[in-house]
Amino acid sequence: MNTKIKTGLFGFGTVGQGVYKIIKEANLPFEIKKICVRDTQKSREVEASLLTFDPQEILEDEEIELIVEVISDSDSAWNIVAQALQKGKAVVTANKKMVAENLEGLLRLQEQYHNPKFRFEAAVAAAIPILNLLDDYFAHEPLKSVRGILNGSSNFILSKMYAEAQPYEEALKEARQKGFAEADPTLDVSGQDARNKLSLIALLAFGKIIPPHEIPVQGIDTVSAKEIGEAKDKNQKIKQIAEIMLDENQNLNLSVTPQLISANDPLFSVDEEYNAVLLEGQFSGTQKLYGKGAGEFPTGTAVVADMLAIAAGKYYRYEKLKPELVAG
Ligand code: HSE
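These numbers come from a predicted model, not from an experiment.

**Q** Please explain the site of the ligand as it appears in this structure.
**A** Taken together, the residues surrounding the ligand are Lys 96, Asn 151, Gly 152, Ser 153, Phe 180, Ala 181, Glu 182, Asp 188, Asp 193, Lys 197, Gly 293 and Ala 294. Asn 151 has a polar side-chain atom sitting 3.4 Å from an oxygen atom of the ligand. Starting from 250 Å² of accessible surface for the ligand in isolation, the protein chains cover 94%. Looking at the shell around the ligand, the elements with two or more residues in it are helix H7 (152-163) and helix H10 (192-206). Within the shell around the ligand, the residues separate by chemical class into three nonpolar, four polar and five charged.

**Q** How do you make sense of the sheet that holds strand S5 (residues 90-93) when you look at a structure like this?
**A** In sheet architecture, strand pairing relies on hydrogen bonds along the backbone and comes in two forms, parallel and antiparallel. Taken in spatial order, the six strands make up an open sheet running S3-S2-S1-S4-S5-S6, and their pairing is parallel. Every other strand in the sheet has two partners, leaving strand S3 (51-52) and strand S6 (118-119) as the edge strands with one partner each. Relative to strand S2 (residues 30-36), strand S1 (residues 5-10) runs parallel, the two sharing six bridges. From the neighbouring strand, Thr 7 faces S2, where its bridge partner is Ile 32. With respect to the sheet, helix H3 (residues 74-86) is in contact with S1, strand S4 (66-69), S5 and S6, its orientation differing from that of S4 by roughly 165°. Here helix H12 (residues 296-311) sits on the sheet and contacts S1, S2, S4, S5 and S6; the angle it forms with S5, its principal contact strand, is near 160°.

**Q** Can you help me understand the pairing of strand S10 (residues 274-281) in this one?
**A** The two faces of the sheet receive side chains in turn, since in a regular strand these alternate between them. Taken across its eight residues, S10 has six buried, putting it largely inside the fold. Pairing geometry for strand S7 (residues 143-149) and S10, over six bridges, is antiparallel. When the sheet's bridge partners are listed, Ile 149 is paired in S10 with Ala 276. The pairing of S10 with strand S11 (residues 285-292) spans eight bridges and is antiparallel. Paired with Leu 279 across the strands is Gln 287, a residue of S11. With antiparallel pairing between neighbouring strands as the criterion, S10 and S11 make up a hairpin whose turn holds three residues.

**Q** For this particular structure, what's the right way to read the sheet that holds S11?
**A** If you trace the five strands from one edge of the open sheet to the other, you get S9-S8-S7-S10-S11, paired in antiparallel fashion. Edge positions in the sheet fall to strand S9 (252-262) and S11, since each of these pairs with one other strand and no more. Taken pair by pair, the neighbouring strands of this sheet meet at an average axis angle of 20°, ignoring direction.

**Q** Quick question: what am I supposed to make of H10 here?
**A** Counted at 1.5 Å a residue, the expected span for H10 with its 15 residues is 21 Å, and the 20 Å between its end C-alpha atoms agrees. After H10 finishes, the residue Gly 207 shows a positive phi value of roughly 70°.

**Q** Would you mind going over the nonpolar core with me for this structure?
**A** One recurring pattern in soluble globular proteins is that nonpolar side chains are buried together. Ile 67, Phe 118, Phe 120, Val 124, Ile 130, Ile 201 and Tyr 318 are the most contacted members of the largest nonpolar core, which totals 55 residues. Per element, the largest residue contribution to this core is nine residues, and it comes from H10. Apart from residues no more than four positions distant in its own chain, Val 124 is found in contact with Ile 130, Leu 131, Leu 150, Lys 197, Leu 200 and Ile 201. With 28 residues, the next largest nonpolar core counts Ala 94, Val 303, Met 307 and Ile 310 among its residues.

**Q** I would appreciate a short explanation of the side chain of Gln 166 in the present structure.
**A** Of note, Gln 166 is situated in the loop between H7 and helix H8 (168-177). Of the residues examined, Gln 166 reaches a relative accessible area of 10% and is grouped as buried. A distance of 3.2 Å separates a polar atom in the side chain of Gln 166 from the backbone nitrogen of Ala 171. Gln 166 has contacts with Lys 160, Met 161, Ala 171 and Glu 174, leaving out every residue within four places of it along the chain.

Rules used in this analysis
- In this convention, every chain numbers its residues from 1, walking through the sequence in written order.
- Given that this is a predicted model, residues contribute local features only at a pLDDT of at least 70 and side-chain atom pairs are listed and counted only at 80 or more, while totals for whole chains, interfaces and linings are drawn from all residues.
- Calculation of side-chain values draws on the structure's entire complement of heavy atoms; hydrogens and water are dropped beforehand.
- Near residues are defined by distance, with any heavy atom within 4 Å of the molecule or strand qualifying the residue.
- For the purposes of these results, a polar contact is taken to be a pair of N or O atoms within 3.5 Å, where, inside protein, one atom must be able to donate a hydrogen and its partner to accept one; residues adjacent in sequence count only when each atom of the pair is a side-chain atom.
- Here, Shrake-Rupley sampling with a 1.4 Å probe gives the accessible areas, and only protein chains in the shown set may cover a residue.
- For the purposes of this entry, the term helix denotes a DSSP run of H or I that reaches at least four residues, the term strand denotes a run of E that reaches at least two, and both are numbered from the N terminus.
- In this classification, the charged set is Asp, Glu, Lys and Arg, the nonpolar set is Ala, Val, Leu, Ile, Met, Phe, Trp, Tyr, Cys and Pro, and all remaining amino acids, among them Gly, are polar.
- In this analysis, strands are considered paired if DSSP registers two or more bridges between them.
- What makes two residues a contact is simply this: any of their non-hydrogen atoms within 4.5 Å.
- For helices, the axis comes from a line fit to the C-alpha atoms of the stretch in contact; other axes are also lines fit to C-alpha atoms, and the angle between any two N-to-C directions lies between 0 and 180 degrees.
- Think of it in three bands: with a 1.4 Å probe and only protein chains considered, a residue is buried below 20% of the maximum accessible area for its type, exposed above 50%, and partly exposed in between.
- Here a helix's expected span is defined as the number of its residues, less one, multiplied by 1.5 Å.
- Buried Ala, Val, Leu, Ile, Met, Phe, Trp, Tyr and Cys residues form a nonpolar core when they are joined through side-chain atoms within 4.5 Å.

And the structure:
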């Protein structure tokens, strides 16, 4: 008997291929029934019969219970995910831009269609299981701050400029070649990608819906090689820091900015495509989470973890958001 969960995959770029390979290699209980891709000309290392260019072929297939959405275009992603949720399908997405820009709409759809089967761990810090941790383990822990490095490409570029005096453009090119950067790398270097991720963290860490455009942002594209050299001379580094701080009036202050940090900062040693998140809780004290923040397998791992969680009936609890929803 075939007990594998029939799955429709949208996107077969870096992340899609990672997911596909992990499922095969680890023999996980999912059958990728169809893969929807955009480019009809590109050659791909899968049987042609698996491919489709029509999203509806997957969305209208009643046998397909689970949708994995890992495309780069956030508007198309929203159309796919919204339809899938309406049809009662389970959805796993890695699309931080789409989720951050549509938080209210996604929560409303889940409520309206009584469909809680929606997870997006891979959207933040790839292999670091930060969202699951915030939603589950820290569901009742009052957090005071979250501070971290949330964009692998920016961190990779800054690290290469610092350690190897690589020119910015060359480091950016390498980040793209290694599959760390977004299809539009402006999202990485402008800080917008980290800002989208911070918005998702705010939802699960503090129960607040904060649209990304409300978060002040400055990218690493404003940092010069000279500034990086000067920091190095003083045994400091420039890192792109994303942070949420709860102030004494219980207001949240969020920002994404390049910052000069010293050698005793826990984020100082986080280099290349690695990400790290520092959580400060009222009872738990400070936690540091560290891991690969971009790339085929680190991101694929997070997607697969969500697929397995959904298969086990584990959905987000949104504990911190619930009072807001009742009051609102
Ligand atoms: N472009 C993203 C990054 C990919 O560099 O962090 C992982 O979200």
